[in-house]
Amino acid sequence: MNPDPPASRPRLALFDLDHTLLPIDSDYEWGEFTTRIGWNDPAEFSRRNAEFFAHYQAGTLDVHDYVRFAIDAARLRGPEAAAQAHARFMREVVEPAIRPQALALLRQHQQAGDMVVIVTATNEFVTAPIAQALGVPELLAVQLERGTDGWFTGAISGVPSMRAGKVTRMEQWLAARQLGWGNVHSTFYSDSLNDLPLLEKVDEPVATNPDVRLRALAAQRGWRILDLF
């Protein structure tokens, strides 16, 4: 697709979720929450959850193994119990973590007419209600495979929206709207060096509440650094 003149391009505002718009990791917290309500063996689950989280921070996470582990408690209990537990998770964990400055940033982009999309490596079961609470209809999260009964199998469907997969999923999203990177002016807010492929792809990368490695890289490259909280 031929690039459009900069002034005529639609503006696209992309946001990572965990530690970017929220000061928590929703995937990790969901695991801790399901342990507190008795869905997991506390010692074993906490050990494995912390191990996966360390791999994520290091950029070495096997997302297929992690998603199978992360969704297992909900998968085993079925749709009704999972939905009830998630509603409680929203009330007790997520809603108290939603910060006014994050909402203000989202509204600023929305009121300017920007297309706002949350692009997260956390699965759709955990994040769809969070995106709704944040007032963002467009969500690209890890999609979960469903079996013939309509419920989760534990596997991932399609390309996981993690690391370079975020670029792939965004390109699919753009193509579905007959757009390419050259047709939009894109900004991406992220806290993590795991998101380097998408940060390097957009017009305006914004290191948001960045981890140590991303903060150093952003300073070196002259990228904007934003500390929301």
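Data block above holds the structure.
What you see is a predicted model, and the numbers here were worked out from it, not measured in a lab.

Brief notes about the overall build of the protein
Argument step 1. Across its full length, the protein holds 8 helices and 8 strands.
Argument step 2. A compact globule built from 229 residues should have a C-alpha radius of gyration of about 17 Å, and the protein, at 18 Å, falls within 12% of that.
Argument step 3. Residues counted as buried form 49% of the 229 residues belonging to the protein.
Argument step 4. Of all intrachain contacts in the protein linking residues separated by at least 6 positions in sequence, the fraction that spans at least 24 positions is 59%.
Argument step 5. Summed over all atoms, the accessible surface of the protein reaches about 10400 Å², with 51% contributed by carbon and sulfur.
Argument step 6. The protein carries 22 positive and 29 negative side-chain charges, and their two centres are separated by 2 Å.

Some remarks on the pattern of salt bridges
Between side chains of opposite charge, pairing is possible as soon as their charged atoms come close.
Argument step 1. Within the structure shown, the criterion is met by 12 salt bridges.
Argument step 2. The salt bridge involving Lys166 is made with Asp16; its shortest N-O contact spans 3.0 Å. In this pair, Lys166 sits in helix 6 (residues 164-176) while Asp16 sits in the loop between strand 1 (11-15) and helix 1 (26-36), placing the two residues 150 residues apart along the sequence.
Argument step 3. Here Arg221 ties to Glu200 by a salt bridge, and the two come within 2.8 Å at their closest N and O atoms. Within this pair, whereas Arg221 is found in helix 8 (residues 212-221), its partner Glu200 is found in helix 7 (residues 196-201), the two being separated by 21 residues in sequence.
Argument step 4. By relative accessible area, Arg221 is classed as partly exposed at 40%.

Here's the deal with the nonpolar core
Argument step 1. Formed by 50 residues in total, the largest nonpolar core has its most connected members in Phe15, Leu21, Trp30, Phe125, Ile130 and Leu134.
Argument step 2. In terms of residues, this core owes the most to one element, helix 3 (residues 63-94), which gives 14 residues.
Argument step 3. Filtering out sequence-adjacent residues up to four positions away, Ile130 remains in contact with Leu17, Leu22, Ser26, Met90 and Val94.
Argument step 4. In terms of nonpolar packing, the next biggest core, distinct from the first, is built from 21 residues, Val167, Phe188, Ala207 and Trp223 among them.

Rules of the game
- Residues numbered from 1 in each chain as written.
- Predicted model: local features only at pLDDT ≥ 70, side-chain atom pairs only at ≥ 80, totals over all residues.
- Heavy atoms only, no water.
- Helix = DSSP H or I, 4+ residues; strand = E, 2+ residues; numbered from the N terminus.
- Rg over C-alpha atoms; globule rule 2.2 N^0.38 Å.
- Buried < 20%, exposed > 50% of the residue type's maximum accessible area, 1.4 Å probe, protein only.
- Contact = heavy atoms within 4.5 Å.
- Areas by Shrake-Rupley, 256 points an atom, 1.4 Å probe, with all protein chains shown as cover.
- Lys, Arg positive; Asp, Glu negative; His and termini not counted.
- Charge placed at Lys NZ, Arg CZ, Asp CG, Glu CD.
- Salt bridge = Lys/Arg side-chain N within 4 Å of Asp/Glu carboxyl O.
- Core = buried A, V, L, I, M, F, W, Y, C linked by side-chain atoms within 4.5 Å.

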